[in-house]
Each structure stands twice: as C-alpha cells, then as structure tokens.
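# Chain and residue survey
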Protein chains: 4
Amino acid sequence: MAGNVFGRALRLITFGESHGAAVGGVLEGLPSGVTIDEAFLAEQMARRQPGQAPHATSRKEPDRVELLSGISNGISTGTPIGFIIANRDARPSDYTHLETVLRPGHGDFTYLQKYGLRHASGGGRASARETSARVAAGALAQMFLTAHGIRIRGWVSGIGPIAGPHAEVLKKMEDGEALHENIFRFPHPALLAEVEALLEDARLKGDTVGGTITCCATGVPAGLGEPVFDKLEALLAQAMLSINATRAFEMGEGFASCALRGSEVNDLFETDDHGNIRTQTNRSGGVQAGISNGMPVWFRVGFKPVSTLQLTQPTVTTGGEPAEVVGKGRHDVCVVPRAVPIVEAMTALVLADLLLQQRTNRA
Amino acid sequence: MAGNVFGRALRLITFGESHGAAVGGVLEGLPSGVTIDEAFLAEQMARRQPGQAPHATSRKEPDRVELLSGISNGISTGTPIGFIIANRDARPSDYTHLETVLRPGHGDFTYLQKYGLRHASGGGRASARETSARVAAGALAQMFLTAHGIRIRGWVSGIGPIAGPHAEVLKKMEDGEALHENIFRFPHPALLAEVEALLEDARLKGDTVGGTITCCATGVPAGLGEPVFDKLEALLAQAMLSINATRAFEMGEGFASCALRGSEVNDLFETDDHGNIRTQTNRSGGVQAGISNGMPVWFRVGFKPVSTLQLTQPTVTTGGEPAEVVGKGRHDVCVVPRAVPIVEAMTALVLADLLLQQRTNRA
Amino acid sequence: MAGNVFGRALRLITFGESHGAAVGGVLEGLPSGVTIDEAFLAEQMARRQPGQAPHATSRKEPDRVELLSGISNGISTGTPIGFIIANRDARPSDYTHLETVLRPGHGDFTYLQKYGLRHASGGGRASARETSARVAAGALAQMFLTAHGIRIRGWVSGIGPIAGPHAEVLKKMEDGEALHENIFRFPHPALLAEVEALLEDARLKGDTVGGTITCCATGVPAGLGEPVFDKLEALLAQAMLSINATRAFEMGEGFASCALRGSEVNDLFETDDHGNIRTQTNRSGGVQAGISNGMPVWFRVGFKPVSTLQLTQPTVTTGGEPAEVVGKGRHDVCVVPRAVPIVEAMTALVLADLLLQQRTNRA
Amino acid sequence: MAGNVFGRALRLITFGESHGAAVGGVLEGLPSGVTIDEAFLAEQMARRQPGQAPHATSRKEPDRVELLSGISNGISTGTPIGFIIANRDARPSDYTHLETVLRPGHGDFTYLQKYGLRHASGGGRASARETSARVAAGALAQMFLTAHGIRIRGWVSGIGPIAGPHAEVLKKMEDGEALHENIFRFPHPALLAEVEALLEDARLKGDTVGGTITCCATGVPAGLGEPVFDKLEALLAQAMLSINATRAFEMGEGFASCALRGSEVNDLFETDDHGNIRTQTNRSGGVQAGISNGMPVWFRVGFKPVSTLQLTQPTVTTGGEPAEVVGKGRHDVCVVPRAVPIVEAMTALVLADLLLQQRTNRA
C-alpha cells in the first residue's frame, strides 16, 4: 500500500518502471528560496548513468531531468517540484524471452507473489532505473544543504575483496579536500591495478562483483536526528537498504566496534582551540544517541554483486518447471561505482529532512 | 518534531524517560480479534529486564505492563492499546553529580544541542528503559503473527570477538526446533566458557563488551515489503538502528556476500517436493527486491559496548571545562543478551505492519 | 512543509502551477488488478474542463492525462501511477500587469507571506488548474470503487440563492437512476430558467455567483471510517475544504439538524425485507460515530463566488500602496458546475482509501 | 488501521474507552522550552467536565490529567508528553441491558460492522469521554500558542433554533476583550431566558437539543496553512468533524456567502494606520487560498442533538429483532456548552501544528 514515499518534512515520492514511458517523482517540502543549480543536477545524473566505465552496461540514456513545477526564475517557490526523466532507450523486446522464467536474485518471483502479476519487461519497478529519480531529488536537496555549509561525498571503499583504508579519505573529507577521482570512484590509487585485474577477470568469466561504498557528510550541525525511531543512523540505514542490491549498513566503525570493549570505542570529548566541544575520535560516525554531534557523519553500505550474469543459471518458471536463464540484457559487471551518487542522494534527502525538522524542536 | 512513531498500518508511539513516573506507549492498528496472551507479554518483559545475569545491572524493576484500553474480555477490539510501565525503582539522586558533565558515548551532549536543555537524571529519553515499551508492543504484535504461523526468535551470535556459527542455528529455526537457552542467549554451548571468561575479565577491568544479535523469522509468507523505500530489509534496518547502542545491520550474509561474485551469492530457485517454488540457499536473508520470498527472514545487528564504564574517563563539562566521569550508575557489562527481546519486538512490529499492508495490495 | 499529499492507504500527491509546463500527480496504493478505463478518465477530465458552458471561461485546454507508470496491458500493477497533464494554453503575459497588485480573495498576499515570494503569473499553485490532477486520480479511484459496487455522483444543489430540493435527487440515487443532466449540473428542470436569468444578470454586471454541490455515494458498505480523527465525515470535510473556493461542509442534514431536537434527528433502525438492518431515515448522511452504516453517504459543500470580477476593485500593492484590480483574465461567472467532478474525485479518493484501510481492521 | 493520530509536526495520539481503566494520549512534537501551566490545564479539563450545568449529566469525574513524561522542572523537554486520565467513576453495569440492542444515533451498529465485535459497556471508543484527551493535549498546545501571542476562544453561537449574532462577539475578540460568561457559554445575555426555557422544555419532554459553536483565534500570523490538501480551513474542518456529534462546518460567513455575489463576498485589502496590509472585512474567516492572512481566524461548527433520549425509541437488536431503547444512562440535554473547550483544543492543535510547519517553508 505504500513504500514510494520517503521523508517527513522533506518528502520524495517516486514512480516509474524501467521500460515504461518515464520515471519521475515529486519532491515536496523543499523550502522557497533555494537557488536551483541545473548544472549540478545534470552532473549528478551523469554520474549515475550507465555506459561510463568499461565494465558497465552499454545502455545509453541521456537522463535529462525535466523540472515541471515548483521553480520560478531559477529559485524554488516552496511548492512541490514535479519532475520526469524520459525512458528514451527502452527496448522491451529484449526481455520477452524472460516472461515466465524466474531470474535468480531479481524481483520476478517476489513481485509476482506480492501483486499477482508483474511487468514482463525489464525489472519493472524493481529496476535500478527507479534510482534516477532519487538522484534528481537528492541533487535538489543538496542545493539546499550546500547553502547551509553541508558537503556530502561518497566513494567506493571496497570492490570484491579489495578494501581501501578509510582513515585517509575521511581525513581529506574533514579537511575539505577533493578526493582522488577515477572511473571506479575508488580513491586509492595504489590499489587500482588490482581492482582492474579483478573486474577483468570477472568480466571474462561472465560473473559480477560486489563492493562497498563509504559516504561522509561534513558541516552537519549537532542536533540532527529525531529520537527514538528516527535516529539519524536509523533513517540512514533505511535510506541505504532501500537502494537496490544493498545488503548491509554500518555507522562509523560499525561491526568492528561491536567486537571491542567500551574503553576502545568511546569517543572522548575535548574542547578545541576555538572553545568548541568535539570528540577526539569519531568511531561513532558522528552520532550519539541517534543525534548528530557536529563531527563528520560517516557510514558504509554493502552492495551484493548484481544478479544478472553472462553465465547460464538454472532456475524454474512461474509454473515451477525447470528452466535456464542466459544473461542477454545490458548490465554491469560491477554496479558499485555508479551507485555512489545514489548513496549521496539518499544521504542528502535524510539530512535535509532532519535539518528542516530540527527547526521545530525548540519553542 | 517526530521520531516517536513507528509503522504505518500498525503504529507504535512510545513515551517516557528513564527516571520519570512511567514509560509507555500506544499501539494503534492491531486488528480486532487477536487473543491477548498476558503470560507471553510478561515473559517477554522479563527477558528484557535487568538483573537476570551475573554481569548485568542490579537495578530491579518489576516491569509490569498495564494495558489501559483496546482489549475487551481478553480480545483486542481494534481500537488503540494504551499501556504504561511504572518506573518504580527510579533513583534520580544517583545522577545528580552528572548534571554538567558530558558522559562519553551518551546523549548528554547531543540532547543538549538538540533541545537546548536536557533531563538531568538518568539517560532521559535516550535511556534503554524506553525500549521496554517496544518489547510490550512487540509482544502484542507477536500474538497477531503467531496466529498467522509466523515465529520470531533472536539470539546472541557474537560477544566481543567471540562469534557463533549461524548456519546450525538457522537450521534449527527452519526445522522449528527450540534453541539452546542460557543466560547469555548464546546458543553455542562449546563457546560458553570462553564467553564467561571474557565477561569476567571485562568486569574486573571495569570495562564493557559489545556483540551481535542474529534474528530469524520463519513462516513469513512471500510478498511482504513495500517497494521502493519500505523494502522489508529497509524497514528492518531502520527498526534495528533505532535500538540504543546499535551500530550495524546486515541482511542475510550481508557484508560477506558483498566481497563475493554473483555466481557465489545468487540463491537459485528450485521446486520442492510439494511443488512449491523456493530457493536452494538463503544467503539473501529471505528477500528479493525488498520483498519476502517465503524463506526464513534473517539478519544480524551489531551492538557497541555500553558507554558507561567503571573506569574514570576524561571529558568536559557543558561549559567546555575539563572534567572526569566516574561510572557509579547501575549498568551492564554486556547489554547484548538483554537486547534479544528488543530485536524480536522490533522485528514483530515490522512484520505485522507489512502483513497488514499486504492486504491492500491486490484489488 | 507539507500539504500536497492526501490519503493513507491510497495516497495522492499533486504538483504543478497554472501556467507552468504541466500539472500532475502520483497515485500510490491503487491495488494491482484494477482495469483502467481510459474513456471514463477522459470523460471526467472533460467535465472539469473550462469552456463548456456559456457562462464559463473560454480558456481551452485539452486536459489529456498521460499515464506514465503503474499500468501494464490496461491493468494496474500495484505500483504508483505517475501522470502529467500538459499546460498547452498557458499565457503568462496575460498576468504581467498583476505582478505587484494584490487581488482580493486570491492567494497573492498569503502566498507572499508564506513563502516570501510568489509565482507572478496566474494563480500559481493556488490556481484551480491544480484540481485537474485530483480529477485524474479520482477517476482512477472510481474505477476501483466501481468494481466494488460503489457509485458516486455529485450535482449542483444551489446556485446563488436558488436551492434545489435534495430529497428527490437522493431518492433517484438510492434507486440507481440517472440524474437529469444539463450544463449547470442542476437536476431541477423547473428552476433552470431562474438559474439562467440569475447568471445572465451577474454576467452583465461583471459579477460572479457562488453555490453548493451535493454529492452522494451509494453501495458503500458499513464499516468505513477510522475513529477517532479519521472519521468518514472528518476526511470528507478535509477533502472538500481543500478544494479551491469552498467555504462550508455539512454531512447529511447538517446545520439544519443542529437546530432540531434529538427525537427529530435520530435515524431509527429497522430490519428490511431481506433481513438487513438499515435506518428508516438517513438524516445523518450515512454515518454513525464516524463510520458508514451502509446507507447512502451524502453531504453538501459550499462554494463562494469566484473572486475575479469583471468589475474594478480597489486594493493595495505588495508595498501597501493603493491600486486597482481590473479583471482581464479568463474566468467563470460561476465555477460550481465545473466543480462537480472535483467533488466526486475527492469523494472517491476518501472512500477508496477507507475501503482499503478497512481490510486491515480485523484479525 | 488508523484514525487515532492527528497532526504532523505536532501529533496527538489518543487511546481509551469510556468505561475502561483510563483514557489518555501522547502529544509528540511540542517544542522544548514551553512553560507548562498546570492550572490552565486543570481549568480546561473542568470546562469540558460533566455536571456543571443543570441540564447536563450528573456523572462526576475529577478528570485529573497525569503528565507522565516530556516535562522537567515545569518546562517541556521536546520529548513526547504521555498522559492519562483515570476513569474513576466507571459503572459498566449501567449498560448491561444494552448489550444486544442497537441504540439509534450511536456507534453500536457501525462499530460492530467495522470490527466484528464491540465494547459492550458505554460508548466504547465512540464515547465523548475520548475527547478529554483532546482537551488535555489542546491545553498544552495553547501554552505554546499563548507564548506566540495567539488567543483562542470558542462560544455557543446557537442552541436549538436560537442563534446569537456573531458580529459583536467577533468584535470583542478582535479587541482582546473578555466574553460574557454563563453556564451556557452563550454570550448573548438578552437571549438567555429564551435558551433556559427551551432547555427546560426539552428536559421535561425527555428530548435533547443541538446547537452551534463559533470559535475565533486572534494573533494568528499570516502564512499558516499548507496548500493544497492541508489548507487551514481543510484541517480545521477535519478537526471539527472528528468531534463527536458534529455535523457541519463553515469558515467565516460560510454557506451564507455561497448564496451571494463576488462583489458582496470579497474582502478588499487596505493599509492600516501602521502601514500593515489587512482586509477591510473578514467574511472569509481569516484565510485566502487556504493560508491565514493575519486577520482573526473564525469558523462555526454544528452539533446535532445528542442521540440518547429519556424517551423510549424503537430499534432492533444485533440479530435484527425488534427492540426498544429506554434511556437510562447519564447524559446531557444539550452537549454544546461542554463542547466549547473541545473545539478550542482542536483549534489549538491545528494552529500549533501549522505554526511549527511554517518554520520549514523558507530556506
């Protein structure tokens, strides 16, 4: 009955299937007076887009966002921003052979169980194409956050078993420095050759590779997060686990800190040279009791390898008969680099929502 | 402005501070006709209660739930169930020495930043006492789920660095067997001595220990979970990260599967002896595209070690002056075993909500 | 922060300004399996459209609804239905003379106070054009209701001081008969000449006329309405007062019954020839304690005369200087007949929402 | 599935039946820093209470509100305020004779149809006792509004067919003067004898009398109300129609203005002596396009006569058999005076919610 609305003071609703006429959404609650940076919007859309890296799908979609309302003379008016992104490159016929075959790891079976029917072509509503509406809305939210001094940046922190050390990247974020950019969005130059070899190996074998994304927001004021169910980390966790193919979330040091002792995990308070209270370390990821503490907010998200392989996989039909899936669609060997702007977008939506909500908490 | 309401078709709102008159809540949307099992309710409350294990706080609270409405002759009427749990053992004076001192890892600083003031005594709204209202409501939700054949069971899967192998426990769950019970709720008898030694060592050193809880729900029908933002795993992630002291969540094999290849992670479909479609493996934790697939739903939650130590910790005051915190309150060496019923309660709330929502998805 | 979302199990969000690129919306929660009747959709859109009656604005908009998602092979899939209605006849320059002049009765002043800026052209978000998205969504909701035997029909029950007797129209509704149709949607042939004379007189004087709409839904099962804040009449009242230019709402006999005694107002129960319990009269409008009782649901809505006159009206500018408004836009002498499909649409959204919600109320 | 939650930035959830252990609620979103005036709270509760007037029920309930959380040292903390009101005078046995008899005008039949069962004693959730939780929460909301210069006052504007002229009362409100107080809350001394005679006549005949309440809020800043579905008048209409026994709502001049022409209804702008823009008249009730315009907000609500008479009324049983209802309970001849604080409370909840929401509307 639900599930397509995200947020409370700032709400996003999305709609659209992968191979329909368009995907789109409505962003409601963006305050009036936000300068709309269409170049930034286009840039974020491009970062999500297929066809950028040698190991990514070759499907080409211009992904131009048509902003239909809520903006006047380049400024938000406070009314809802409706937008659509046309599906110009839809090829439903590519998928006709799959109509009754249940693809492993996809939503074919579960959508059928849920709704009693399903979109035969593409992934329907479960397609990653839906996330383009999130990136558009997240870019709008980021324009609002930027005006409040909040910067959000995600990066690939792991590809398959290759993990990058996060301390140095977090340091750059805290210092306001740019991150090393490459097609993998993996800011660890020393490990790039290893990553390339891994992906090439997977490609040759018709297989896919998972990974992780770490995201950091700086400039977040203390006080964001609504106890008890809408803790900052709880909303981030929901936001991240709502992205296709995610399997795991951890705030700050996450699972690693759960194997330690309190004396090793507590972030001790100190007063800095400007007289501001801060923590000496930031293992918590910038939260205490579900509320931001003024330190950088950071967390990690795990993405499973994409389910569509170039290998033949045994399966069954909707009727339960044995069948095979042979991957023919246009799909990525590794989706993780393209998911970075999606993670950033969802982070922006959470933070902008909580920033607005916080305005109502004191008389 | 928000944060105290959880759920959509089934909603819980909680209220109350650790050392006020009472904590409580309202559960709205429980259908009429559910038989209220007060013994089960009392049992779940007792499982959460302090003072059970040698390494837990000695604070004694009877934790009796007074059900004030929504029930007639032992049957739910469909109207909201208001309930309170009196705080009979509140001792605000225990905390007066902390009024201006910021305890590391607690909400003292962030609550002050958020609201401009804070409850001086105890943890205020951030106290784990708030979770007793969740356990009460979750027990009511479980009564509804039990009638629909859904069984939920959590257990401690890791204490500090000691991790129990989950495959065998999941097998027992799938077969409907009871789990090995002990005061640590750690169903791995061979590792118990090691756990006891670890906790005793931490206690002697005045330190605390984190851990993980794994939870499994069997009998969950296929079709639960509302795409795209209210995916089953997204709501579970929010639910779990809203529990005090949690830091991480993973669905099924989680982060481990993100380091693997698609061919190693996909759960392949098969038809079982009864002609039902199922997956051969269940690495996903019982979901595809955010919707339950009929397999057991399972996930893992990470809890940081509790922040209150018996050790002196340096900190600052609310004015930024150097200070010290010496732990004197009544607190656990390891909170994880007591958190099992909280994890179960939140799981029950999510599943009952989605079970009700699913009734509206087909014409 | 809000205000653009309506409903709970079935939710509509709308967006769009009168003279932007398009208005549109997303209808979320329509169950899968509803047959989409595009002809009915087009017909409802046409009924709302300007330019039908001699006394209505001459602005011509084809008002074609583009359904962008959520439908496959003419059947709803259970995923959100995004739709847009292009603004093909926008003429922003018509309004440039109004940029700093505050029109009486319009949202110019209040939007400016609310958002600190406003759409200079047309009514912006306050324009009646926004209601076209409601009519589209309401038509979709009616397709679902029709399949459940619920029929909704509104009519003009008053134009200026001329009021039609409602008893005979309600009787036709209860008997499933068609209502007398005319361009005024005023099913009282004997009073039509009087209405025409009134409107002609107002037109000649450059003035406008208000009126009332009565709406009736038959086939509504007993049990709809969620106590206590979402009573059936409470949601209908919100729905109706959210329509532009409405000023009043009454359920059943409404204010008239408030001047009477209990013995004159109570609807007494009886058992009909089929053994069904019903009320002998239906003064309440088909509700008791906020829940439908199985009788026809009926209510009346009051519309003020439209504020844009062909007369010169004194006013002030946004800076507080004296000014004049001379009506030049394309506007109706009487908006009430065109509002009938809007009232029907909002009624359909309320009833479909409550029909879905009712599925969750019993174990 | 819903219906017990009201509001968005400020949310009230209520629970409780008339003859259970307690009614109560949770008010969530009241900002931190509001001074809690317990005397005002007690006073508002007393105004709602039965037993004040000669024509009201003799049931005596102290109606003491126990505030359980969210307040520290007499100041709100920003966390939810849970509260209960014990039902000390419950006499379920008074109602046992009604168990299978359907009382006309009550929720007996519709609750049974909705939930498949019902509270046998009293009105269950449909009882007016539920409104005591609204009055408590509304009083808390008024404390917040008072600090922002907003004053809310309701009065009885009609009892049966006797209507008081509202212009003079509105003038007193605008001038900040006290209203004439009497047991009927009917500020028209010249008509009091007539009212008394009417009520005495009804009492002798065992009948009941309806009426209307007009409510006015002064000091409301321009800009409150969220277009398009949460217009100020739409939320007020929902709020009012959610009160037991209400049948009608009109904003400002309401239905009367719908029978007039635009030139008679438009409120023209002017600039006052302080250079502020205001309207010369206030027929609209202080709104334009759903947003407050800075003028007093006023509206009228219609209450049907209470359904329980001292007369024998024919009816049927739940099985459809003929039966009789003889009123024996403790009930009012005229409920309208006691409903004044309920109307004020709901008004306060709406305005406080919108005042908080408005903080999020500008960047």
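Here is a short report on the structure shown in this document. (Residues numbered from 1 in each chain as written. Chains lettered and ligands numbered in written order. Predicted model: local features only at pLDDT ≥ 70, side-chain atom pairs only at ≥ 80, totals over all residues. Heavy atoms only, no water.)

## Some remarks on the overall build of chain A
Within chain A, the secondary structure is distributed over nine helices and 18 strands. Against the 2.2 N^0.38 benchmark of 21 Å for 363 residues, chain A shows a C-alpha radius of gyration of 21 Å, consistent with a compact globule. The principal-axis extent of the C-alpha atoms belonging to chain A is close to 70 × 50 × 35 Å. In chain A, which comprises 363 residues, the share counted as buried stands at 67%. Entry remark: accessible area of chain A is about 10800 Å², with carbon and sulfur atoms responsible for 52%. In chain A, the 34 positive side-chain charges and the 38 negative ones have mean positions that sit 4 Å from each other. (Helix = DSSP H or I, 4+ residues; strand = E, 2+ residues; numbered from the N terminus. Rg over C-alpha atoms; globule rule 2.2 N^0.38 Å. Buried < 20%, exposed > 50% of the residue type's maximum accessible area, 1.4 Å probe, protein only. Areas by Shrake-Rupley, 256 points an atom, 1.4 Å probe, with all protein chains shown as cover. Lys, Arg positive; Asp, Glu negative; His and termini not counted. Charge placed at Lys NZ, Arg CZ, Asp CG, Glu CD.)

## Some thoughts on the pairing of strand β7 (residues 81-86) of chain A
All names here are of chain A. For β7, the tally of buried residues reaches six of six residues, placing the bulk of the element in the interior. The side-chain alternation of β7 yields two buried faces, one formed by I81, F83 and I85 and the other by G82, I84 and A86. In this structure, strand β3 (residues 22-28) lies alongside β7, joined through six bridges in antiparallel fashion. Counted as the bridge partner of G25 is F83 from β7. Sheet topology places strand β4 (residues 65-67) next to β7; three bridges connect them, and they run antiparallel. Paired with L67 across the bridge in β7 is F83. (Pairing = 2+ DSSP bridges.)

## Re the sheet that holds strand β9 (residues 162-163) of chain B
Taken together, the ten strands give an open sheet; going across it, the order is β9(A)-β8(A)-β10(A)-β16(A)-β11(A)-β11(B)-β16(B)-β10(B)-β8(B)-β9(B), and neighbouring strands pair in antiparallel fashion. Sheet topology places β9 (162-163) of chain A together with β9 of chain B at the edges, where each strand pairs with a single neighbour. Bridge count between strand β8 (residues 151-159) of chain A and β9 of chain A: two bridges; the pairing is antiparallel. In the sheet register, I159 of chain A faces β9 of chain A, and the bridge partner there is I162 of chain A. Along the sheet face, helix α9 (residues 336-358) of chain A touches β8, β10 (211-218) and β16 (297-303) of chain A and points at about 145° away from the line of β8 of chain A. (Contact = heavy atoms within 4.5 Å. Axes fitted to C-alpha atoms, helices over the stretch in contact; angles between N-to-C directions.)

## Examining the interface of chain C and chain D
Contacts between the two partners involve 110 residues from chain C, matched on the other side by 111 residues from chain D. Around 8600 Å² of area is buried between chain C and chain D when both sides are counted, 60% of it from carbon and sulfur atoms. Salt-bridge contacts for E226 of chain C lead to K114 of chain D; the nearest nitrogen and oxygen are separated by 2.8 Å. Here chain C and chain D share 45 residue pairs in polar contact (both at pLDDT 80 or more) between them. Looking at which element gives the most residues to the side of chain C that touches chain D, the answer is helix α2 (residues 108-115) of chain C, with seven residues. Class assignment of the residues belonging to the side of chain C that touches chain D gives a composition of 48 nonpolar, 40 polar and 22 charged. Looking at chain direction, strand β11 (residues 246-251) of chain C and strand β11 (residues 246-251) of chain D are connected through three bridges and run antiparallel. Note that in β11 of chain D the partner of E250 of chain C across the bridge is A248 of chain D. (Buried area = accessible area lost by both parts, 1.4 Å probe. Salt bridge = Lys/Arg side-chain N within 4 Å of Asp/Glu carboxyl O. Polar contact = N/O pair within 3.5 Å; in protein donor to acceptor, adjacent residues only side chain to side chain. Nonpolar A, V, L, I, M, F, W, Y, C, P; charged D, E, K, R; others polar.)

## A short note on the relation of the copies chain C and chain D
Laying chain C over chain D is done by rotating through 180° and shifting 0.0 Å along the axis; what remains is an RMSD of 0.0 Å. Look at the turn and shift together and you get a two-fold axis relating the two. Mapped onto chain D, 100% of the interface residues of chain C are again interface residues, and the two copies thus contact each other with one and the same surface. (Least-squares fit on C-alpha atoms with pLDDT ≥ 70 in both.)

## As for the packing of aromatic side chains
Residue and element names in this part refer to chain B. In this structure the tally under the stated criterion is 18 aromatic pairs over all chains. With 5.8 Å between their ring centres and 50° between their planes, Y111 and Y115 make a pair best called tilted. In this pair, Y111 and Y115 both sit in helix α2 (residues 108-115), four residues apart, roughly one turn of the helix. Using a relative accessible area of 4% as the deciding quantity, one classes Y115 as buried. (Phe/Tyr/Trp six-rings, centres within 6.5 Å; stacked < 30°, edge-to-face > 60°.)

## As for the state of the cysteines
Enumeration according to the criterion identifies zero disulfides over all chains in this entry. The cysteine C258 of chain D is free of any disulfide, with C334 of chain C supplying the nearest cysteine sulfur at 11 Å. Classification of C258 of chain D by relative accessible area gives buried; the value is 2%. (Disulfide = S-S within 2.5 Å.)

## A look at the relation of the copies chain B and chain A
Superposition of chain B onto chain A requires a rotation of 180° combined with a translation of 0.0 Å along the rotation axis, giving an RMSD of 0.0 Å. Interface residue correspondence from chain B to chain A reaches 100%, placing this contact among same-surface, isologous pairings.

## Structural notes on the sheet that holds strand β3 (residues 22-28) of chain D
Residue and element names in this part refer to chain D. Across the sheet, five strands lie side by side as β1-β2-β3-β7-β4; this open sheet has antiparallel pairing. Single-partner strands in this sheet number two, and they are β1 (5-6) and β4 (65-67). The pairing of β1 with strand β2 (residues 11-15) spans two bridges and is classified as antiparallel. What sits directly across from F6, in β2, is L12. Sheet strands in contact with helix α3 (residues 131-147) are β2, β3, β4 and β7 (81-86), and its direction is about 140° off that of β7.

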